[in-house]
Each structure stands twice: as structure tokens, then as C-alpha cells.
Amino acid sequence: MSVDDPSFISKLWEKHVAILDQHPPKKTFQDWIHLGQKFTRLAAGGTIYVLLMIASLNLRWCIRKVSWCTVLDLGKMLRVPASAGAEESMLITQCIIPTISRLREEFPLRLCLGTRILDCTILRQSDLQFDALEVKDFQLPRRSRSLWMSCRVPIFFDEDDDAPAPTGPYFYSVSIGTTGGPELFNVNIILTSFDCHGSSNITFPAEHNHMLN
């Protein structure tokens, strides 16, 4: 049973979410999962850094509206730009890949996955992680090595290595809620009187789709 199975998502909500005092509706939770799946497929094609580009360009609602087939095709085109049309291929090779290359240098990211650390700046590690996900009817082609060459040089090195230090000024360690892994940072919880279910709350008018907000 995988996260693509609707019954699995329903059981996940009933077991872990519905028991919370202020839990989201099941439909909202399912929408979050489905949107996360789309982002996962895009990250599998363009690394985790493509999500930074989506966020900075305020494209979240656009991704939510596009079809699954479009998302799958985008993931494939990102890995193998030659499989896209001439204009799309030029956009990927001359704009998207160079931007991702610069982002990984300026904002090197590591994710804590259980007891392992995923260095998002290492292209091979990223591809192995996403390729290992069991997703129904979804398999990306091997990445074009030559066109992604600028993203193949590791940014992080072992402390015992004589290699130079990371080029970027920032280092972000991110925990994604796993157990048993290293404690990378502390989270301070600030209690307030805000009621997220209050009838007087005003929703933010979504730029692309008011109904989806």
C-alpha cells in the first residue's frame, strides 16, 4: 500500500490526524497529500531546488491546477531536456539548470532522513533518493549527464577531506519529522489566543484561484 492509494491516505488521516484537537478536514488533508505528490515529482526531475524556484515565482496555485500528466511530463523534460520541444529545451538548459546550479551553491541544503543525511547539492544522491520512491505509474528516465554537468560537482565535503569549503555563505539543516535521526535544531512553540477556526477569520485571496484558497 502506497501514498497513491486513496484508502491509505484515508487511514492515515483517521489514525494520525483526526485525533488532533484542531485537525483539518479529510478532504483538505487529501489535497495536501496530492499537492505534495506533484511537488515530489517535480523535485525528482529538477532536484529540491526547483521547489525554491516555484515558491519564489509564486507558482504554487498553478502547479495545483495542472494535470498529473503535465507534471509527469515536466519531470521527464527536466531530466532529459532533449525530450522537450525546442523552446522548452532552451528554457531548461539556458535558464532553469543554471539557476538551480547557482541556488545549490548559494543555499546548500541537507535533509535529515531518519538516520541518514541527504545532501541535496549532490545530484546523484538526490536522484537515488527520488528514484527509490514507490510511485504508481511513474518512472523518470536517467538524467542527461552532459546538460546537468554544472550541478554534478558536490558542494559539501567530509571534514577529513582536503577539498575546499562550501562556496555558499549559508547552511540549512532541515528535519522532516523522522524519528531516530540527529537533532538538528530546536523548535520554539509560541502559544497564542488565535483560533484558526474562528468565524471572523478572513482568508487570503488566492492570486490564481480564489476557490482553492
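Residues numbered from 1 in each chain as written. Predicted model: local features only at pLDDT ≥ 70, side-chain atom pairs only at ≥ 80, totals over all residues. Heavy atoms only, no water.

Trainee: Residues and numbers for the overall build of the protein chain, please.
Mentor: Tallying secondary structure elements over the protein chain gives 7 helices and 3 strands in all. Each helix and strand of the protein chain, placed in order from N terminus to C terminus, yields the pattern α-α-α-α-α-α-β-β-α-β. Summing over all exposed atoms, the protein chain offers an accessible surface of approximately 14100 Å²; the carbon and sulfur share of this is 57%. (Helix = DSSP H or I, 4+ residues; strand = E, 2+ residues; numbered from the N terminus. Areas by Shrake-Rupley, 256 points an atom, 1.4 Å probe, with all protein chains shown as cover.)

Trainee: Hey, could you go over the pattern of salt bridges for me, with residue numbers and the actual values?
Mentor: Per the stated rule, a full pass over the model turns up 7 salt bridges. Between Lys 26 and Glu 14 there is a salt bridge, with its nearest N and O atoms 3.6 Å apart. You can see Lys 26 sitting in helix α2 (residues 26-46) and its partner Glu 14 sitting in helix α1 (residues 6-17), a full 12 residues away along the chain. Judged by its relative accessible area of 26%, Lys 26 is partly exposed. Put simply, Arg 102 and Glu 106 hold a salt bridge, and the shortest N to O gap is 3.2 Å. Separated by 4 residues within a single helix, Arg 102 and Glu 106 lie in helix α6 (residues 86-106), roughly one turn from each other. What you see here is one network of salt bridges that share partners, running through Arg 79, Asp 127, Asp 131 and Arg 143. (Salt bridge = Lys/Arg side-chain N within 4 Å of Asp/Glu carboxyl O. Buried < 20%, exposed > 50% of the residue type's maximum accessible area, 1.4 Å probe, protein only.)

Trainee: Lay out helix α5 (residues 68-79) with the relevant residues and their values.
Mentor: Here α5 contains 12 residues, and its C-alpha end-to-end distance of 17 Å stays within 8% of the 16 Å for a straight helix at 1.5 Å per residue. Residues Val 71, Leu 72, Gly 75, Met 77, Leu 78 and Arg 79 constitute the buried set of α5. In this structure, the buried side of α5 is in contact with α2, α3 (49-56), α6 and α7 (123-131). (Expected span 1.5 Å × (residues − 1). Contact = heavy atoms within 4.5 Å.)

Trainee: Would you mind going over the environment of Trp 32 in detail, with residue names and values included?
Mentor: As for its position among the elements, Trp 32 is in helix α2. On the accessibility criterion, Trp 32 (48% relative accessible area) is partly exposed. It is 9.9 Å that separates the C-alpha atoms of Trp 32 and Arg 64, two residues lying 32 residues apart in sequence.

Trainee: I'd like a description of the UniProt feature "transmembrane region" (unreviewed entry) in the protein chain, backed by residues and values.
Mentor: When the UniProt feature table is mapped to this numbering, "transmembrane region" (unreviewed entry) covers residues 39-59. Annotated as 76% helix and 0% strand, the span residues 39-59 places its first and last C-alpha atoms 11 Å apart. (UniProt positions renumbered as here; feature names shortened; annotations may be inferred.)

Trainee: Before we move on, can you summarise the pairing of strand β2 (residues 116-119) with the specific residues and values?
Mentor: Note: strand β1 (residues 109-113) against β2, 4 bridges, orientation antiparallel. By the bridge assignment for β2, Leu 113 is matched with Arg 116. The antiparallel pairing of β1 with β2 creates a hairpin that spans 2 residues between the two strands, and Gly 114 there sits at a positive phi of about 65°. (Pairing = 2+ DSSP bridges.)

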